[in-house]
Structures are given as structure tokens and as C-alpha cells.
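Architecture and fold: a report
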Amino acid sequence: MDILADRLKNIPPYLFMQLRDKIRKAQADGVDLISLAIGDPVEPTPAYIIEALREAVLDPANHQYPTDEHKGMLVFRQAVARWYGRKYGVTLDPETEVLALNGLKEGIHSFIMATVNPGDIVLMTNPGYPAYRANIHIAGAEAYDVPLLEKNRFLPAFEEIPKKVCQKAKAFFLNYPNNPTGACADGNFFSRLVTWAKEHKLLLLNDNPYSEIVFPADRRQSLLQVPGAKDVAVEFNSLSKAYNMTGWRIGMAVGSDKIIHAMSRYKENVTSGVFNAIQLASVKAMDAGDQDIENMLTIYQRRRDIVLRVFDEIGMCATGGGGTFYLWIAVPPGFSSLEFTTKLLEEAGVLVTPGIAYGQGGEGYFRLSLTVPDDRLKQAMERIRSTIKRG
Ligand SMILES: *Cc1c(COP(=O)(O)O)cnc(C)c1O
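Quick summary incoming for the structure in this document.

Here is what the cut-offs are and how they apply
- Residues numbered from 1 in each chain as written.
- Predicted model: local features only at pLDDT ≥ 70, side-chain atom pairs only at ≥ 80, totals over all residues.
- Heavy atoms only, no water.
- Helix = DSSP H or I, 4+ residues; strand = E, 2+ residues; numbered from the N terminus.
- Buried < 20%, exposed > 50% of the residue type's maximum accessible area, 1.4 Å probe, protein only.
- Pairing = 2+ DSSP bridges.
- Phe/Tyr/Trp six-rings, centres within 6.5 Å; stacked < 30°, edge-to-face > 60°.
- Contact = heavy atoms within 4.5 Å.
- Expected span 1.5 Å × (residues − 1).
- Axes fitted to C-alpha atoms, helices over the stretch in contact; angles between N-to-C directions.
- Lys, Arg positive; Asp, Glu negative; His and termini not counted.
- Salt bridge = Lys/Arg side-chain N within 4 Å of Asp/Glu carboxyl O.
- Polar contact = N/O pair within 3.5 Å; in protein donor to acceptor, adjacent residues only side chain to side chain.

Turning our eyes to something else, we now look at unusual backbone geometry. Pro127 follows Asn126 through a cis peptide bond whose omega is 5 degrees. Mapped onto the secondary structure, Pro127 falls in the loop between β3 (121-126) and α6 (130-138). A cis amide bond links Tyr176 with the next residue in sequence, Pro177, at an omega value of 0 degrees. Summarising the element assignment, Pro177 is placed in the loop between β5 (169-174) and α8 (187-199). The phi torsion at Lys201 lies on the positive side, around 50 degrees, for a residue other than glycine. The exposed category is assigned to Lys201, whose relative accessible area is 72%. In this model, Arg249 sits at a positive phi of 60 degrees, which is unusual for a non-glycine residue. By the element assignment, Arg249 lies in the loop between β7 (233-238) and β8 (251-255).

So this is what it looks like as C-alpha cells:
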């Protein structure tokens, strides 16, 4: 009996698997491997957020099914609305325009299942976060890849998407600040995008977990700042990256009440919500955590400088935009992204992500994550320097 459903067979293999054997071998050989491949902050969640969780955990009222179940507690949704108001000047109705997510990634799945029919086209950027393509396949829809090119500052030239494709398309997945390229969008881009989406009757989803991780910080943006964006758009955000809370699994969908309502109908059949204690601690984080975010930005800025200085010295080009805790770097001439990544793994004991892991559009680049302690990062960069010098 073949247990695996076809919908899973259609998901393209995660290219990192190709490196897995080599990683295992290096570890078995006792190599001191430094991984710059994973985007997961090493610094702990700020102490007062953990304290808020501890307090909430002791209250038996929080041991029952989450309040307001799949929608999220009203106090959580209100905190999200305050956060968007304070940070981006975006007004949200906590009752109809905010939804709690069991981590942003769950939202990607729920959005597709709630709004896209089998056979519909969903536009996504290439390179792009792999979960978009996987969930488009799971829903029986078809992904249409919109390239992100360096000459366009890794912004999609959406006006060039053929009319026929737009007519069949239901939604467009974007992600600015962008993983993996680090590119940021500006207000003008978002504004043109919203006008175009309305013209073509397309839903927009901006996946925005790096909204706070922008250099310089005054360039932080939300798609919902565009007047009328809420007619067609949602933005997904998350406490994972900004507050070092990846393991907590909590995020939010905000924007179009119609999309939020559709997602809510899907979610009520799938999840009973996020543990109250985690939601209550997240309220604390959103209300009182601005300084912690600034502290993390200082750390990431320092690490960016360490990396960029070495690449500059050895004549390699970081194409970096000003956002996320990743750097996107062109591989030297003559290498594919997988070949160069393998060389760094085998000769430097440093693991970075081959660009191809994010789609064909990532070929020619690799991604380096700044979520490692400074001393390990410095060590990794010295090893990369020696490897490149040896040729
Ligand atoms: C990290 C990341 C996510 C996942 O966020 P969670 O809230 O931890 O699920 C989603 N999209 C992008 C682009 C990411 O980099």
C-alpha cells in the first residue's frame, strides 16, 4: 500500500537534503562545523516575556482551551492593533481585521486553503520562502514564479506578468523585507502593487516577519500603510524573529476583513488556537519590547559589518538590501550555488544555504544568516577568507 498522498509527492524536494549527507559525514569526521544556514536567533527570549509566561502558566484558567479559540484572545488581537498603530501608523479593528496564528507558517497554509481553489494560479516570487510553493501544491493550485532580479533590487516586475496569467491568478505572495535576498520594498512599490492588484482582482499577501529588522530602522514598512490596501491585502507577522521567539509558535494575520474571515472559517476546523499563556506573554512583548528589538538590531548590525568587511576584502559582493538578518551573496564565477556551498562545507567547515534552495531564481547566490554568536561568526569568516585565498 502506498501511504503517501499525491499532494505530498508533488512538493519539490527541499534542496538542503542534498547537503545532509555531507553534513553528517563532516560531523562524523569530527569537523567543527559552523552553521550560518539557519535563520533562528541564538539569543534567548527577553527575560520579562518569559516571566509573563511563567505567571500566566500558573493560572488554571489558562489550562483550558484557548479563549476565543482559533481567532486568538481579544486582548492579544487588541495588542496587535496597538502594535501596528504605534509602529506603522496602521489602524486595525481587533474584532475583524486581526487573527492569531500558530506561527506565521500556519497562516500561509490557512490563507491558501481558505481562499484558493484547485487549479487556480498563485503568484509567488522566485527566489522565495519554500513553504509558499509547498502549500500551493497542497491546495492543488498552480504556482507561477515571478523572478526577483538583482537589477530590479530584487523587487518583482509585476507589471510584466502576462495578462492571461493575471486573469487566472487568485493571489500573490510577497515577502518584504525579503528572505533570502534581504531586499526591502518602499512605499512607492507597495502603492503601485496595490493599484495593480485591484485592477486584476488579485489578493495580496505580504509575509512580513522581518518588519522590525531593517537597517536603518526608520525604513520599516507595512504594506497596509498604502491607503485602501486592506481592500485586497493581508499582512502576516510573527513574534518569532523580532523577539527571539521562534519556538513559541505565535504570529498574526492582519488586514482585509474578508480574508481574515475566510481564514477564520478554515482555522476553526483545524486548530483550537494558541495556548493562552503564550498569547498573554506576547501581549507583554508587543507592548514593552521595543528596546529589546533595538538591542537585537545593534547586534545584527555589528555582525553585518563583520561579514561585509571580510567579503569586501576578498572581493566578493554582498548584494544585500537593508533588511532581515540574512546576507545574500553572489557565488564566485564558475561555481553553481550548490558547488560553492559544498566547497565551503568541505574546505572551511562552514555551512551556508545554496540560493537554489529558494528556487531557480536563487541560482548564483548563497544566503548567510547572522543568527550565530559573534565569535563563531568571526571564526567562520576567517575560514571563508582562507578558503577563497587558496582558490
Ligand atoms: C521565518 C519565516 C517564516 C516563519 O515564521 P514563523 O512565525 O516562525 O512560522 C515565514 N516566512 C518567512 C519568509 C520567514 O523567513
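Here the narrative resumes, following the displayed structure.
Each strand in a sheet pairs with another by means of backbone hydrogen bonds, the pair being arranged parallel or else antiparallel. One open sheet accounts for 3 strands, arranged β9-β12-β11; its pairing is antiparallel. Here the strands that pair on one side only, and so sit at the sheet edges, are β9 (326-330) and β11 (353-354). Relative to strand β12 (residues 365-369), β9 is paired through 5 bridges, and the arrangement is antiparallel. Across the sheet, the residue bridging to Trp328 is Arg367, located in β12.

In this section: the packing of aromatic side chains. With the rule as written, the count across this model stands at 22 aromatic pairs. Judged by centre distance (6.1 Å) and plane angle (65 degrees), the ring pair of Phe311 and Phe366 falls under edge-to-face. Within this pair, whereas Phe311 is found in helix α11 (residues 290-313), its partner Phe366 is found in strand β12, the two being separated by 55 residues in sequence. When its relative accessible area of 1% is taken as the criterion, Phe311 is described as buried. Taken together through their ring pairs, the aromatic side chains of Phe158, Phe172, Tyr176, Phe189, Phe190 and Trp196 make up a single cluster.

Another aspect to go through is the environment of Gln379. The residue Gln379 is located in helix α13 (residues 374-390) in this model. Using a relative accessible area of 34% as the deciding quantity, one classes Gln379 as partly exposed. Put simply, Gln379 and Val350 are 29 residues apart on the chain and 9.5 Å apart in space, counted from C-alpha to C-alpha. With near-sequence residues (within four places) excluded, Gln379 lies in contact with Asp32 and Ile34.

In this section: helix α12 (residues 337-348). When the terminal C-alpha atoms of α12 are compared, their 16 Å separation across 12 residues agrees well with the 16 Å that a helix rising 1.5 Å per residue should span. Looking at α12, one finds that the buried residues are Ser337, Phe340, Thr341, Thr342, Lys343, Leu344, Leu345 and Ala348. A positive backbone phi angle near 65 degrees is found at Gly349, which sits one or two residues after α12.

Another aspect to go through is the sheet that holds strand β2 (residues 98-101). Read across the sheet, 7 strands follow the order β2-β8-β7-β6-β5-β3-β4 without closing on themselves; strand pairing throughout is mixed. Each edge of the open sheet is held by one strand with a lone partner, namely β2 and β4 (142-147). Within this sheet the neighbouring strands show an average axis-to-axis angle of 25 degrees, counted without direction. The pairing of strand β6 (residues 203-207) with β7 spans 4 bridges and is parallel. Note that in β7 the partner of Leu205 across the bridge is Val234. Across the sheet, helix α4 (residues 74-88) lies against β2, β7 and β8, angled at about 65 degrees from β8, the strand it touches most. Sheet contacts for α6: β3, β4, β5 and β6; angle to β3, the most-contacted strand, approximately 160 degrees.

Next up on the list: the side chain of Arg367. Mapped onto the fold, Arg367 is located in strand β12. For the buried Arg367, no salt bridge exists, and the shortest N-O distance to an oppositely charged side chain is 10 Å, to Asp40. A polar contact is formed between the side chain of Arg367 and the backbone oxygen of Ala37, at a distance of 2.9 Å. Ignoring anything within four residues of it in the chain, the contact list for Arg367 reads Leu36, Ala37, Ile38, Gly39, Asn179, Pro180, Tyr326, Leu327, Trp328, Val352, Thr353 and Tyr358.

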